[in-house]
Amino acid sequence: MTLPILQVEGYGKHFQLHEQHKLIPSSHNVNFSVSAGCLTALVGPTGAGKSSVLKGVYRTYLPSAGRILYRDAMGHELDLVLASEHQILELRRREIGFVTQFLHCLPRQATLDVVAQPLLALGVSRIDARQRAAELLSAMNLPERLWSVSPATFSGGERQRVNLARGFIAKPRLLLLDEPTASLDPATTEQVIGLIEGLKSEGMAMLAIFHHPETTSRLADQVVELAPPPAVEELLKEIA
Amino acid sequence: MNAMTPAKTGNAYNFGFLDEYAKKEVRRAVLKAIAIPGYQVPYASREMPMGRGFGTGGLQLTLSLIGPDEVVKVIDQGSDDSVNAVNLRHFIEMTCPGVSTTTKTAECTLIQSRHRIPELPLTSTQIIVLQVPYPDPLVVVEPSEDKRKTMHGEADYSRLLVKLYEDIVKFDEITISHRYPTRINGHYVIDPSPIPRWDVPKLNASASLILFGAGREKKIYAVPPYTKAEPLAFSDVPFRVEDFRDEQGRRRACARCGCVDSFLDEFVADSGSKTWQCSDSDWCDGHATKSILARQTQGEPA
Amino acid sequence: MNKILEVRNLSKIYGPGCPQCLESTGPEADTNLCPHCGSVVAIHDVSFDLFEGEILGVMGESGSGKSTVVKNLYFDQAPSGGEAIFYDRDKQHDLFALNAAQQRWLRNHRFGMVYQNPHLGLNFNISAGGNIAERLLMSDLMDYGAIRERAKALLARTEVLLSRVDDLPRNFSGGMQQRVQIAKALATQPPLLFLDEVTTGLDLSVQARILDLILEIQQELKTAMVVVTHDLGVIRLLTGRAIVMKYGRVIEAGLTDQILEDPQHAYTQRLVASAL
């Protein structure tokens with residue numbers, strides 16, 4: 001049994017809105033681990049803080065409590081909560097990927113280049129990167145006529161496919177997926193599930209939130225149930 | 001103090017018109033200019049009995065350097081007998097009694113010149129003083145003297161070089177004809193006064209000292225003997241002098257003396273026809289004499 | 001990844017300064033004008049690191065001092081305090097301890113700057129190609145043919161029509177003037193580039209084109225950049241890390257996506273919430 005790539009211990013997140021003098025709890029006391037070649041799925045009702053956990057791992061959110069232990073390619077373990085901005089940027093470039101629900105990209109960049117970008121950041125040649133991007137976009141049924149166009153005008157489903165391709169292309173060690181198949185039709189969903197299974201068998205570790213329970217049951221090797229965080233008063237008692 | 005008293009000289013002026021303090025200041029400026037080749041040394045330019053723009057800077061240098069045994073030549077555009085040259089020479093004769101003047105380049109010890117350097121190579125016992133209207137080549141690209149001084153100090157002549165670049169873009173060559181910016185001793189770029197490009201190579205490794213005086217602008221600078229003087233150019237677009245070839249590609253000759261290797265002035269007659277003649281009148285005289293002699297020895301009528 | 005710039009406690013005060021200046025100004029005091037002596041504390045105690053090939057955002061509103069930071073690093077001004085170390089391959093330069101000639105050398109050979117106002121970065125009396133030639137000449141390139149080729153290549157890269165190479169910048173649109181500025185700044189392939197509000201005031205489509213260009217160049221040349229802007233969109237698109245300034249102080253620093261989605265400081269929260 002290999003050591004887990006990711007170990008989340010006591011993760012908590014709340015937001016302090018200064019102007020409105022409000023404290024908004026988001027996640028509370030989350031514990032789980034993710035191993036190579038396995039997909040851990042987070043489930044729970046709306047407001048349970050599932051996205052918050054993913055964002056906390058990726059450091060888009062600054063965790064309020066807990067440790068997020070990551071074992072890098074060299075076997076070194078570090079707490080992502082305490083890591084420097086620099087270390088995080090390096091990890092994001094090389095090892096940790098995140099497929100969010102939204103696609104942020106340059107207004108005029110061609111889809112092929114959007115997808116190829118993570119490989120370019122790793123020093124792969126433009127030609128090879130675009131080649132690989134083309135392969136992935138084909139696998140996701142994105143028509144070739146759209147490849148030279150910017151994703152700005154795409155439908156939700158088309159954008160999501162671009163997003164996924166960009167997330168998969170650099171084959172990160174740990175991939176975070178936030179509702180990756182939410183806007184996809186059944187046929188494409190099947191394609192994506194196939195891709196995910198393939199990546200799993202190649203050893204990629206995944207932490208995912210799925211829209212449909214069936215997808216979760218098909219892909220998840222481990223399911224973590226999250227409950228909504230306790231109400232603000234309880235939280236304040238804890239912080240105090 | 002070696003001033004001759006007015007009673008001795010018989011005229012009202014100190015020898016050399018300027019008082020000895022003024023001469024001393026100019027000489028100090030000259031020494032500094034030689035010590036820092038190409039650097040514009042400021043000096044307190046005196047009021048002279050002629051308007052600015054008529055060579056007062058060159059004249060102050062000449063008068064400060066003249067000794068009693070001096071043999072002085074004065075030329076303007078290469079000619080000893082143009083109005084300005086004549087007037088300046090008379091002034092020198094009047095204020096420096098006992099000093100000889102000549103038109104022969106070979107016989108003089110000090111030359112004051114406007115806009116030309118003589119064709120005959122100068123020797124280490126000769127000094128040439130050039131009259132300068134605008135001493136600073138950067139004045140065309142930077143109006144502030146303060147900033148120009150910094151640019152000179154840091155040898156930042158990129159704005160000047162860009163002008164050359166733009167010339168080549170527009171005209172396929174550098175079109176500067178006079179006052180060609182020249183780098184002295186690897187640092188300061190000078191305006192060598194309105195001498196033609198033809199004369200610029202004479203600045204490089206010259207045996208004689210070359211001094212520049214700007215009266216109105218109150219600056220003195222120098223190209224010392226045997227000093228590098230490189231006209232600004234690009235490594236692939238070299239500096240070149242004027243081309244005196246006609247439409248058939250033959251080098252024009254002076255109509256008066258037949259010389260084919262001097263700088264020629266172009267004269268247009270009222271009829272519209274053009275003749276070409278040596279700008280350096282002494283050189284032309286010498287050549288004309290030579291060719292007359294040559295023809296005589298060959299048995300032709302003079 | 002190697003560090004390229006280290007800025008520590010950078011300060012700039014306009015005016016005589018007095019012992020109460022620092023405590024009377026800043027985000028809590030809601031001003032950068034000292035009420036006791038009238039001095040303006042434009043920036044105080046600004047520190048950050050920049051690594052090779054990365055883009056750092058300096059974000060803030062008017063009066064935040066963000067432009068002052070880059071003006072001092074580019075030697076347009078001299079700081080009142082602080083230090084900055086520039087790591088240049090195997091050498092280190094203590095920027096504010098250098099003499100004028102050394103600073104000028106760095107400006108001409110290692111730094112690039114693109115101003116919001118093209119009049120500050122371009123010479124309007126010479127052609128677009130001439131502007132680039134000037135920078136190449138300042139970096140000691142003396143071959144006319146090579147200069148011309150490089151100028152044309154750079155302008156082509158910044159999508160300025162080759163037919164306009166010899167035109168004067170005053171005849172260009174604002175966007176084109178900015179692109180000439182970028183071409184000029186990149187002429188010497190500097191490892192460090194400062195961009196001061198380069199797209200502010202330009203039409204949106206023009207802005208997009210220029211941001212594209214900046215990113216492409218960064219990918220190709222791995223230039224490290226400091227991008228000063230008040231536009232959150234620009235920060236999001238270009239930068240990986242950012243610092244937020246208010247009244248001359250740095251009030252928050254972090255990963256760009258974290259600052260935009262999980263801002264910690266009250267002012268940053270207000271700023272992010274205000275984005276259209």
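All residue numbers refer to position in the chain's written sequence, counted from 1. Just so you know, chain letters begin at A and ligand numbers begin at 1, following the order they were written in. Note on the predicted model: pLDDT of at least 70 is required for a residue's local features to be given, and 80 or more for side-chain atom pairs to be given and counted; whole-chain, interface and lining totals, by contrast, use all residues.

**Here's the deal with the confidence of the model for chain C**
Consideration 1: A residue-level look at chain C finds 100% of positions with pLDDT of 70 or above and a mean pLDDT of 92.
Consideration 2: Prediction confidence for the complex, expressed as pTM and ipTM, is 0.84 and 0.86 respectively. pLDDT is a per-residue confidence score from the predictor, ranging from 0 to 100.

**Focus: the arrangement of the chains**
Consideration 1: The structure contains two pairs of chains in contact, of which chains A and C account for the largest number of contacts.
Consideration 2: Throughout, a pair of residues is in contact if the C-beta atoms placed from their backbones lie within 7 Å. Chain B makes no contact with chain A, the minimum C-alpha separation between the two being 35 Å.

**Description of the pairing of strand E5 (residues 91-94) of chain C**
All names here are of chain C.
Consideration 1: Any two strands are treated as partners once DSSP identifies two or more bridges connecting them. By definition, any uninterrupted DSSP run of H or I lasting at least four residues is a helix, any uninterrupted run of E lasting at least two residues is a strand, and each is numbered from the N terminus. Bridge analysis of strand E4 (residues 81-88) against E5 gives four bridges, and the strand direction is antiparallel. Note on E5: the bridge partner recorded for Phe 86 is His 93.
Consideration 2: What sits between E4 and E5 in their antiparallel hairpin is a turn of two residues, with Arg 89 showing a positive phi close to 50°.

**Section: helix H4 (residues 83-95) of chain B**
All names here are of chain B.
Consideration 1: Every helix has an expected span of 1.5 Å times one less than the residues it contains. Taking 1.5 Å of rise per residue, the 13 residues of H4 would be expected to cover 18 Å, and the 18 Å separating its terminal C-alpha atoms lies within 8% of that figure.
Consideration 2: Buried residues are those with 20 or more other C-beta atoms within 10 Å of their own C-beta, exposed residues have 12 or fewer, and partly exposed residues lie in between; C-beta atoms are placed from the backbone. Of the positions making up H4, those classed as buried are Ala 85, Leu 88, Arg 89, Ile 92 and Thr 95. Down the axis of H4, the buried side of the element spans an arc of 140°, and every buried residue falls inside it. Pointing more than 90 degrees away from the buried face of H4 are the exposed residues Val 83, His 90 and Met 94.
Consideration 3: Packing partners of the buried residues in H4 comprise helix H3 (56-65), strand E2 (71-76), strand E3 (100-101) and strand E4 (110-114). Starting at the helix axis, one direction is taken to each C-beta atom, and the arc is that of these directions.

**Here's the deal with the environment of A:Ala165**
Residue and element names in this part refer to chain A.
Consideration 1: As for its position among the elements, Ala 165 is in helix H5 (residues 156-169).
Consideration 2: Considered as a pair, Ala 165 and Gly 44 are 121 residues apart in the sequence and their alpha carbons are 27 Å apart.
Consideration 3: With sequence-adjacent residues up to four places away left out, Ala 165 is seen in contact with Val 115, Ala 133, Leu 136, Leu 137 and Met 140.

**Concerning the nonpolar core**
Across soluble globular proteins, you tend to see nonpolar side chains buried next to one another.
Consideration 1: Formed by 190 residues in total, the largest nonpolar core has its most connected members in A:Val115, A:Ala165, B:Leu211, B:Ile220 and C:Val227.
Consideration 2: Those residues within four positions of B:Ile220 in sequence are excluded, and the remaining contacts are B:Ala29, B:Val30, B:Ala33, B:Val41, B:Tyr43, B:Leu61, B:Leu211, B:Phe212 and B:Gly213.
Consideration 3: Listed in part, the eight residues of the second largest apolar core include B:Cys259, B:Leu264, B:Trp283 and B:Cys284. To form a nonpolar core, buried Ala, Val, Leu, Ile, Met, Phe, Trp, Tyr and Cys residues must be joined through C-beta atoms within 7 Å.

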